Amino acid sequence: MRPSYPGGRIIAAASILVLLAGCTTFSKDGGFNTVSTTASERLGKDAVLVNTDQDRDAVAKRTDELLSKPLDMGDAVQIALLNNRGLQASYGELGISEADLVQAGRLPNPSFTFSRTHGGNDLSINRTFMLGLLNVLTMPLATRIESWRFEQTKLLAADAMLKVAADARRAYINAVASEQAATYAAQVKDSAEAGAELALRMQQAGNFSKLDYAREQAFYADAVAQLAKTRQQSVAAREKLTRTMGLWGAATQYKLPDRLPDLPKTRPELNDLESFAMQNRLDIQAAKLQTQSVASSLGLSKATRFINALDVGYQNNFTTSDGHEQGYEISVEIPIFNWGGSKVARAEAIYMQSVNRVAETAINARSEVRESYSAYVTDYDVAKHYRDEVVPIRKTISDELLLRYNGMLASVFELLADSRDQVGAVNGYIDALKDYWLAESDLQQALGGRLPPLAIASAPSVPTTQPTTQPASSTDSEGK
């Protein structure tokens with residue numbers, strides 16, 4: 001019968017612990033399913049992880065299809081989710097976190113020591129096999145902690161995706177509004193140029209005072225400067241959208257629509273937004289998981305505060321005088337100078353830091369919801385006021401003046417003065433409409449990437465045609 005050695009029993013016990021702890025392996029999707037599901041459910045878009053040439057080819061094909069027509073806001077968001085390199089880089093955190101999880105679930109590598117000494121007629125051969133037993137004992141808890149961290153990383157990656165989508169919406173709104181403002185500024189400049197030319201001819205004929213002529217020239221000079229300014233703003237806004245969508249080369253020649261989407265006829269009533277945000281904000285969920293992970297880590301620190309290292313080894317030695325010697329060795333740090341108090345205190349401080357950060361995230365989120373909802377309501381009312389009151393009144397005035405001018409009941413001076421007054425009204429409406437869509441995007445982001453389902457269902461579809469009362473139509477009277 002073979003003798004039973006303590007070293008064999010120790011190795012067998014370690015093997016049993018490994019089997020009980022389980023063998024953590026890499027998942028098929030690398031944790032990306034959380035990101036793709038969030039994109040589908042909250043945005044109605046596809047999020048992809050680009051790793052291979054096949055992935056890149058598929059993304060390029062999908063992008064070309066979306067760029068083959070004038071972009072709408074949804075297309076811009078989808079292109080950003082496909083091509084934004086910063087977003088793809090953030091997905092790398094998933095692989096890093098999963099690698100840490102798999103590593104935590106695997107047995108630490110053993111060490112082997114061999115020595116051969118010779119003195120006089122004695123030959124000594126020592127062989128020691130060492131295994132970190134403490135790492136094996138704490139492996140289930142360490143695996144659970146890393147599992148929480150991996151779930152947290154998934155949520156943060158999905159939250160990063162939602163932020164890129166929100167950035168794409170804002171960039172798109174600013175780009176279209178800037179291009180619309182530049183187009184209108186060009187119309188105003190042409191009208192001002194015609195007015196200045198008419199004023200010059202009338203002054204030369206003696207029918208226009210020097211003061212009135214100077215006013216028309218000043219208006220024309222201001223219109224030229226404003227056109228240059230709005231064109232540069234349009235270029236800057238378009239380039240920001242291009243960067244957000246991750247486009248370069250020929251893909252940057254995409255076409256935007258002529259104007260922003262119309263203001264919805266009604267604004268849906270939104271209630272209990274703070275509670276909705278608390279349930280849907282991914283950054284809050286990630287912060288809670290972080291706190292759970294730190295709490296478990298604190299428990300681990302308290303459990304191991306007195307034993308910083310526990311190594312078990314199996315020895316097989318040989319000397320010419322005594323022959324073979326077998327046994328085992330246990331190596332334990334003796335807590336004489338360091339009792340682990342600083343280690344526990346550090347873990348407790350990290351835990352309290354994490355708890356306070358969760359509270360801060362929740363408080364800030366509630367405040368962001370209230371602020372963004374207030375802006376959403378106010379900007380809608382302002383844009384609606386411009387659409388239903390200011391612009392129609394300015395158009396009525398313009399139409400009446402034109403009729404009076406055609407009937408020789410109004411002078412050209414009144415007509416030119418009215419054209420200047422219309423500029424502020426139309427630009428005000430463009431800015432108000434832009435502010436509304438930006439406010440809606442900010443509210444969606446504050447609520448976790450989407451409005452409440454009931455609000456989405458009750459909200460009217462956004463038309464792409466021009467409204468019945470068109471701000472741009474006021475320029476028709478300017479050119480006449």
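As recorded in an unreviewed UniProt entry, the protein goes by the name TolC family protein, listed as coming from Paraburkholderia strydomiana. For the protein, the Sequence similarities (unreviewed entry) comment in UniProt is given as "Belongs to the outer membrane factor (OMF) (TC 1.B.17) family."

What follows covers the nonpolar core. In a soluble, globular protein the nonpolar side chains are often hidden away together inside. Counting residues in hydrophobic clusters, the biggest one holds 67 residues, and the most contacted among them are V35, M161, L241 and M245. Ranked by residue count, the leading element in this core is helix α7 (residues 139-204), at 14 residues. Ignoring any residue separated from it by four or fewer positions in sequence, one finds M161 in contact with V35, T38, A39, L43, A47, L81, L87 and Y91. Judged by nonpolar contacts, the second largest core, of eight residues, contains Y184, V188, F219 and A223.

The tally for this structure, following the rule as stated, stands at five aromatic pairs. With 4.9 Å between their ring centres and 80° between their planes, F32 and Y91 make a pair best called edge-to-face. Here F32, found in the loop between α1 (6-21) and α2 (33-43), pairs with Y91, found in helix α5 (residues 85-104); they are 59 residues apart in sequence, far enough to count as distant. Since its relative accessible area comes to 8%, F32 is described here as buried. Taking the relative accessible area as the measure of exposure, Y91 reaches 3% and is therefore buried. Three or more aromatic residues joined by ring pairs make a cluster, and in this case those are Y373, Y376, Y380, Y436 and W437.

What follows covers the side chain of K45. Within the secondary structure layout, K45 lies in the loop between α2 and α3 (53-67). As a buried residue without a salt bridge, K45 has its nearest oppositely charged side chain in D75, at a separation of 5.4 Å. Setting aside its immediate chain neighbours within four residues, K45 contacts A39, S40, G74, V77, Q78 and L81.

We now examine the environment of L198. Along the chain, L198 falls in helix α7. With relative accessibility at 33%, the residue L198 sits in the partly exposed group.

Within α2 the residues assigned to the buried category are V35, T38, A39, R42 and L43. Projection of α2 onto a plane perpendicular to its axis shows the buried side chains occupying an angular sector of 100°, all on one side. Among the residues trailing α2, G44 stands out with phi positive, at a value near 70°.

The phi torsion at D272 lies on the positive side, around 55°, for a residue other than glycine. Position of D272 relative to the elements: it lies in the loop between α8 (210-245) and α9 (273-280).

In a packed pair of helices, the relevant descriptors are the angle between the two axes and the axis-to-axis distance. Closest axis-to-axis distance for the α5/α7 pair is 8 Å, and the angle between their directions is 170°. As far as their axial angle goes, α7 and α5 are roughly antiparallel. Its residues assigned to classes, the contact of α5 with α7 comprises 12 nonpolar, five polar and six charged.

Its location among the elements puts F112 in strand β1 (residues 111-119). The exposed category is assigned to F112, whose relative accessible area is 55%. For F112 and T128, which are 16 residues apart along the polypeptide, the C-alpha to C-alpha distance reads 5.6 Å. Setting aside its immediate chain neighbours within four residues, F112 contacts R127 and T128.

Here the focus is the side chain of S234. Considering the arrangement of structural elements, one finds S234 in helix α8. Leaving out residues up to four positions away in the same chain, S234 has contacts with S178, E179 and A182.

Quick look at α8 now. Under the 1.5 Å per step criterion, the end-to-end length of α8 is 52 Å for 36 residues, consistent within 8% with the ideal 52 Å. Just downstream of α8 lies G246, where phi reads positive at about 70°.

As a working rule, side chains carrying opposite charge can pair if their charged atoms are close by. All told, the structure shown has 19 salt bridges when counted by the stated rule. K69 serves as the salt-bridge partner of D75, at 2.5 Å between the closest nitrogen and oxygen. When its relative accessible area of 9% is taken as the criterion, D75 is described as buried. A relative accessible area of 37% means that K69 is categorised as partly exposed. Two residues, E274 and R370, come together in a salt bridge whose shortest N-O distance is 3.3 Å. Residue E274 is found in helix α9, and its partner R370 is found in helix α11 (residues 341-406); the two are separated by 96 residues along the sequence. Through salt bridges that share partners, D167, R170 and D442 make up one connected network.

Moving on: the packing of helix α4 (residues 73-83) against α7. The geometry of α4 relative to α7 is characterised by a closest axis approach of 9 Å and an angle of 135° between their N-to-C directions. Accordingly, the angle class assigned to the pair α4 and α7 is oblique. Both α4 and α7 take part in a crossing whose hand is right-handed. Together, M73, A76, V77, A80 and L81 of α4 and M161, V164, A165, A168, R169, Y172 and I173 of α7 make up the contact between the two elements.

Parameters at a glance
Residues numbered from 1 in each chain as written. Predicted model: local features only at pLDDT ≥ 70, side-chain atom pairs only at ≥ 80, totals over all residues. Heavy atoms only, no water. UniProt positions renumbered as here; feature names shortened; annotations may be inferred. Core = buried A, V, L, I, M, F, W, Y, C linked by side-chain atoms within 4.5 Å. Buried < 20%, exposed > 50% of the residue type's maximum accessible area, 1.4 Å probe, protein only. Helix = DSSP H or I, 4+ residues; strand = E, 2+ residues; numbered from the N terminus. Contact = heavy atoms within 4.5 Å. Phe/Tyr/Trp six-rings, centres within 6.5 Å; stacked < 30°, edge-to-face > 60°. Lys, Arg positive; Asp, Glu negative; His and termini not counted. Salt bridge = Lys/Arg side-chain N within 4 Å of Asp/Glu carboxyl O. Arc of directions from axis to C-beta. Axes fitted to C-alpha atoms, helices over the stretch in contact; angles between N-to-C directions. Parallel < 35°, antiparallel > 145°, perpendicular 65-115°, else oblique. Nonpolar A, V, L, I, M, F, W, Y, C, P; charged D, E, K, R; others polar. Expected span 1.5 Å × (residues − 1). Left-handed = near helix turned anticlockwise from the far one by under 90°.

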